Amino acid sequence: MMLRMGSPAPSIKVEDWLRGEPLADFQPGKVYIVEFWATWCDLSAAEMLELMQLQEKYKDSGLEVVGIAADEDAPTAVEARTKLDAWLAEKCPDLNHRIAFDYTGEMKKLWREPSFCVGIPTSFVVDRDGCIAFIGHPSQLGEVLPKVFNGSWPTSNKAKAADQQRIATSEPLARGQALKKPIDDRFWAAVKLEDWKTALWAIEEGIALMPDDLNFRLAHAHLLLHKIQDMWTGLPVMRQLVRDAIDKNSEDWMVSALDQLFHPANNHSRLPPAERFAMGKELSEHILALNPPQGDSPKFRSYPAVARYYHANGKNDRAIELVELALQSLDGPEPVPDELKEQHLPDLLQALANYRSGKVCYGALCPAPQNKPPGGAKARPGEKNT
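Quick caveat, the model's predicted, so the values are computed rather than measured. Here, residues in each chain are numbered from 1, in the same order as that chain's written sequence. The predicted origin of the model limits local features to residues at a pLDDT of at least 70 and limits the giving and counting of side-chain atom pairs to 80 or more, whereas totals for whole chains, interfaces and linings rest on all residues. Just so you know, side-chain values use all the structure's heavy atoms and leave hydrogens and water out.

**Some remarks on the sheet that holds strand S3 (residues 63-69)**
The pairing of strands in a sheet happens through backbone hydrogen bonds and is either parallel or antiparallel.
For step 1, the next point in the chain: Strand pairing requires that DSSP identify at least two bridges connecting the strands. Secondary structure elements follow DSSP: runs of H or I of four or more residues count as helices, runs of E of two or more count as strands, with numbering from the N terminus. Strand order in the open sheet formed by six strands is S1-S4-S3-S2-S5-S6, and the pairing between neighbours is mixed. A strand with exactly one partner marks an edge of an open sheet, and here the two such strands are strand S1 (16-19) and strand S6 (132-136). Geometrically, the sheet is characterised by an average inter-axis angle of 20° between neighbouring strands, direction not taken into account.
For step 2, the next point in the chain: Bridge count for strand S2 (residues 31-37) against S3 is seven bridges, and the pairing is parallel. Across the sheet, the residue bridging to Ile33 is Val65, located in S3.
For step 3, the next point in the chain: Should any heavy atoms of two residues lie within 4.5 Å, those residues are counted as being in contact. Here an axis means a line fitted to C-alpha atoms, over the contact stretch when the element is a helix, while the angle between two N-to-C directions is reported on a 0 to 180 degree scale. Where helix H2 (residues 77-91) meets the sheet, it contacts S1, S2, S3 and strand S4 (98-101), and its direction lies at approximately 20° from that of S1.
For step 4, the next point in the chain: Across the sheet, helix H4 (residues 141-149) lies against S2, S3, strand S5 (122-126) and S6, angled at about 155° from S2, the strand it touches most.

Have a look at this one:
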């Protein structure tokens, strides 16, 4: 049954409660935020702080925030819980709301799958009558919560239109994700065994089903070029990936294609140098045209990939200039959350140290030049090195 605004809230079925008292049932008269999040999400710490502020602001009005950690990336439940506990202790020592842990997938089945929520973070607001009042991104809670408390949100045209738009947008994505899951499962099982041919069969099935899925396309090129090393088949696949990335005018696609050609975690020795650099030049020029140096758009995601192309092409001064621009964009006019900054800063500094052939310091960070990929990155099939 579809879960949408006005639906009765599902129950909370989790393995354990890591912070706060267990929640057996939604109490009449209280308003709840049920927040799905994960430690690997770039903005988790910032969003957790905002939820803590909302809990403090509305506690006397009957708000209860419930964090659901159901997406931790770890081989076992024990490892996932250990990582989660450590993250909470470091990032949120003064946490003022409940955190539940679920590794079984039960909460996804009860909440996210019926509501077509494919990503995290996702917030569900449960009203005083135990019904869903809102499903969406936590950034919208500041506007929604006061109207839930005064009862005006569920009857407003804006709320109804937002819920209809959410379903229209999310339902196709959720159905696509459901189609992809068995393919992804076979692919990653084969990767774990380094059975590259079986992995390739799974990905080719995925591309036949979803030819515009970027992760399938990246995995296809990566397997052929860097694992199976079949240049005869892989080069046409790579050419088409580059062509499609440029035709889509997508920075994400172009950066991902560029990483297949120049990321230091990959072995490029079998690629024809002239064609490799020709593709790299075309991709880099399009990225810089889409996100020009003089513009205000963030540079820290795409410019390191372009810098790798220029460095490999012997234009080291240009590579240094691009990494410096990427570093500047971390402190640019558009605020970058601290956690996201902390994630990108070490790799950017390491790249700059490598290109300058000397130690680079930024605050307490002072990386020295090294030959291995910044941050010890190791490329895996189907993952975007951005």
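Resuming the write-up.
**Some remarks on helix H10 (residues 273-290)**
For step 1, the next point in the chain: To estimate how far a helix should reach, multiply one less than its number of residues by 1.5 Å. Across its 18 residues, H10 extends 26 Å between first and last C-alpha, which sits within 8% of the 26 Å expected from 1.5 Å per residue.
For step 2, the next point in the chain: Looking at the buried residues of H10, the elements they touch are helix H8 (231-248), helix H9 (251-262), helix H11 (303-312) and helix H12 (316-329).

**Quick word on the packing of helix H7 (residues 214-227) against H9**
For step 1, the next point in the chain: Two elements in contact, H7 and H9, have axes separated by 10 Å at closest approach and are oriented at 10°. Considered as vectors, H7 and H9 are oriented roughly parallel to each other. Seen from above, H7 lies across H9 with right-handed handedness. In contact with Leu214, Arg217, Leu218, Ala221, His222 and His226 of H7, H9 contributes Asp252, Trp253, Ser256, Ala257 and Gln260.
For step 2, the next point in the chain: Here the residues of the contact of H7 with H9 are counted per class, giving five nonpolar, four polar and two charged. Our angle categories are set so that under 35 degrees counts as roughly parallel, over 145 as roughly antiparallel, 65 to 115 as roughly perpendicular, and the remainder as oblique. Should the near helix be turned anticlockwise from the far one by less than a right angle, the crossing is left-handed, and should it be turned clockwise, the crossing is right-handed. Three classes are used, and their members are as follows: Ala, Val, Leu, Ile, Met, Phe, Trp, Tyr, Cys and Pro are nonpolar, Asp, Glu, Lys and Arg are charged, and the others, Gly among them, are polar.

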